Structure formats: C-alpha cells, structure tokens
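Breakdown of the fold
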Amino acid sequence: MKKILVFAILSFGAFAQQPLVSHIYTADPSAHLFQGKIFIYPSHDIDAGVKEDDMGSHFAMNDYHVLSQTNPAGPVTDHGVALKLADVPWAGKMLWAPDAAEANGQYYLYFPAKDKDGIFRIGVASSNKPEGSFKAEPNYMPGTFSIDPCVFKDSDGSHYLYFGGIWGGQLQRWKMGHYMANDDSQPANDQPALMAKVAKLDQNMKVLAEKPRDVQILDANGKILLSSDHDRRFFEAAFVHQYKGKYYFSYSTGDTHNIAYATGSSPYGPFTYQGVILKPVKGWTNHHSIVEHNGKWYLYFHDVQLSGRTHLRNIKVTELKYRGDGSIETITAY
Ligand code: FUB
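Read on for an overview of the structure. (Residues numbered from 1 in each chain as written. Predicted model: local features only at pLDDT ≥ 70, side-chain atom pairs only at ≥ 80, totals over all residues. Heavy atoms only, no water.)

1. Remarks on the overall build of the chain
For the chain, the count of helices and strands is 0 helices and 22 strands. Relative to its length of 334 residues, the chain is compact, with a C-alpha radius of gyration of 18 Å against a globular reference of 20 Å. Across its three principal directions, the C-alpha atoms of the chain cover 50 × 50 × 40 Å. Residues classed as buried in the chain amount to 59% of the 334 residues present. Looking at the chain alone, contacts between residues at least 24 apart form 53% of all its contacts between residues at least 6 apart. If you sum the accessible surface of the chain, you get close to 13400 Å²; carbon and sulfur atoms cover 49% of it. In the chain, which carries 32 positive and 34 negative side-chain charges, the distance between the mean positions of the two groups comes to 2 Å. (Helix = DSSP H or I, 4+ residues; strand = E, 2+ residues; numbered from the N terminus. Rg over C-alpha atoms; globule rule 2.2 N^0.38 Å. Buried < 20%, exposed > 50% of the residue type's maximum accessible area, 1.4 Å probe, protein only. Contact = heavy atoms within 4.5 Å. Areas by Shrake-Rupley, 256 points an atom, 1.4 Å probe, with all protein chains shown as cover. Lys, Arg positive; Asp, Glu negative; His and termini not counted. Charge placed at Lys NZ, Arg CZ, Asp CG, Glu CD.)

Spelled out as structure tokens, the structure:
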C-alpha cells in the first residue's frame, strides 16, 4: 500500500480555509480516534465522466482511501487504496460516504453502493488495521438500504448503525417498507418528513441485530418535523456523538445545505432539534463528522475550494465549540 505524507496544514489559524489534502479529491469525512491517532474515512471523489443529474449519478466513485493525522493541525498521511469497487462482489457502482468502527481489535468499514440492480445498500468490510486494506463481505448487510452509514459506539460498548439519504440516496423509495423503483415522491407537506434509520449492530459487527427503526426529530413542542420543513428536517449525512451524557444526532438538511443537530437521551432518539452546526459550504452537498481530541472538539467537513465543481470536493477541519448549556456554536466556514 502506497503511503503519501501531505504537509498541507501549517497552523491552527489556517484550519478552516485549507483543504486537508489536494493530491486527490475527498469528501464526506468520517473522523475517528483509533490507536491514539485521527483516522479519516472520506469518499474519494473522481470525475468519472458521468452526466450530472438530480439523483447524483455523477458522484460515481470507485474506491476509498484512508487518511490519518496525529492531531487535527498536523500533516496528513494518505494510506492509499483501502477498498475498491472491483473487490466488492455485490456492488455495481457509486461508493458514497463511508464510516468506520473498531470492535474487538478489528476495524470495520461501512459503505454504501448501488447493487447490480441499481439499489443502494450498505456493505461492510473488515481489517486488523484502521488504515486497511479492508476485505468486503460477499453480500451487503441484510435489511440495509439507502446511503450514508454512520456507526456510533455507546458507552456500554454496543454499536448502532444509522443510515439513509433522500433523493439520490433513495430513502423515499422505501417509505412503504419495501423498495418502489420509480416512486421518488416525498410525503405530503403536512406529513412527517422521511426519517433516517437506526438499528443496533450484532456483536460480530457485520449484521443488524434488529429491524431498523425511524430516527425521530422533534421540534421544541415535541411534534415530529414535517416534510415541508426543509430548513430542519433530515436529508442525509447522519452522524452521532455523545457529549456530557447526551446523544447528538447531526445531519445535512440537503436542499437547504445546513449541518443541523438534535439531541436526545437514547441512541434511538427521539431527538429534539437544536440548531445549525455548519452553515452552507461551497458546493451543493454538506457532510461532516465530529471528533474529540485532547479535550477539544473538531468538525471535519468538505467544500469545493480546489475544483469549484460540486462532485470534486476537498475535506477540511475546524474547531467546534460548545456553550455551557451543551448547545453548539454555529460555524460559518467563510
Ligand atoms: O458523496 C456522495 C454523497 O454526497 C454522500 O453520500 C452524501 O452525504 C453527499 O455528501
């Protein structure tokens, strides 16, 4: 595996302005502290020459690289190709946003791809090293669908898989509990918005331990967010972390381009909407992760500074700050 060390980050002050790497396009960064280092699991954007459409067909990625840093202001190591489409027996195309988890000394990469029938599913691959390379299971995880897996490890050691994304991510095609190929309609404006899904993972980390359930996001009055509420409802890019005993469910609002968050007292939710973590960035998509390092918190995110093109993105990092009441200060990247 080829390692590339990239000395792009020079000072803390330059953080939010500078892409973490520029030798490849990267997006959807999922950052985790493993073995005392920050490992970043991004999408690897390429220009595959696929015509742009509303379903995101031009995001036609075909491998993953794993990156690492000893600290968020430090140089980045690219550990090379960690998994490629050709080595995933069930997958047909479009390796979208991944996530990773550690259990029992093994590392697991969770990733969405369209299967050979064009249906997005979530797959899992494993390795004994956080940087891979990863070996994919022969089939996708039964019971999974749509995109943007996020794995959260609770304080008791259990792991939960969150997933889902609307429009190109196909979540709307599952609104009746089964796949409806040509139905991209959204619930009526006065109906609950489509919700991300969550299920506990089996201890083997490779299958769900239960049927996925809805991740409910409520307003301050305890009412479920409606389909018309584009500024606050879930679209894609689920991420879960814990802070001072509370669970924080953060996500992209998609067509309104914010990273928003909601908090709750269980990994299953319900979560109550709190506000915006990250305002829209350059490019259509907004996708992030949150990690603690040496007592400070960091937001990994992406924009299109290097290319100006929405499917050729670059990852960045900036500090994230909590107020005394646990709310998060809104970040404006520019
Ligand atoms: O990278 C492809 C897709 O773009 C991701 O899966 C979404 O979250 C959006 O960032």
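Now, onward.
2. Examining the sheet that holds strand β12 (residues 159–163)
Overall, antiparallel pairing links the 4 strands, which are arranged β11-β12-β13-β14 in an open sheet. Of all the strands in the sheet, just β11 (150–153) and β14 (213–214) have a single pairing partner and so form its edges. Strand direction decides the pairing type here: β12 and strand β13 (residues 197–200), joined by 4 bridges, are antiparallel. When the sheet's bridge partners are listed, F163 is paired in β13 with K197. (Pairing = 2+ DSSP bridges.)

3. Details of the site of the ligand
Around the ligand sit D28, S43, M61, W96, A97, I147, D148, E236, T285, H287, H302 and R313, and those are all the residues in its vicinity. D148 is positioned with one of its side-chain polar atoms (N or O) 2.5 Å from an oxygen atom of the ligand. For the ligand, the accessible surface in isolation is 280 Å², of which the surrounding protein chains cover 98%. A per-class count over the shell around the ligand returns 4 nonpolar, 4 polar and 4 charged. (Near = heavy atom within 4 Å. Polar contact = N/O pair within 3.5 Å; in protein donor to acceptor, adjacent residues only side chain to side chain. Nonpolar A, V, L, I, M, F, W, Y, C, P; charged D, E, K, R; others polar.)

4. Remarks on the environment of A209
With respect to the helices, strands and loops of the structure, A209 is situated in the loop between β13 and β14. With a relative accessible area of 47%, A209 lands in the partly exposed category. With residues near it in sequence (within four places) discarded, A209 still touches K200, L201 and D202.

5. Let's talk about the environment of G92
With respect to the secondary-structure elements, G92 resides in strand β6 (residues 91–93). In this structure the C-alpha to C-alpha distance between G92 and K116, which are 24 residues apart in sequence, comes to 4.7 Å. Ignoring anything within four residues of it in the chain, the contact list for G92 reads L85, K114, D115 and K116.

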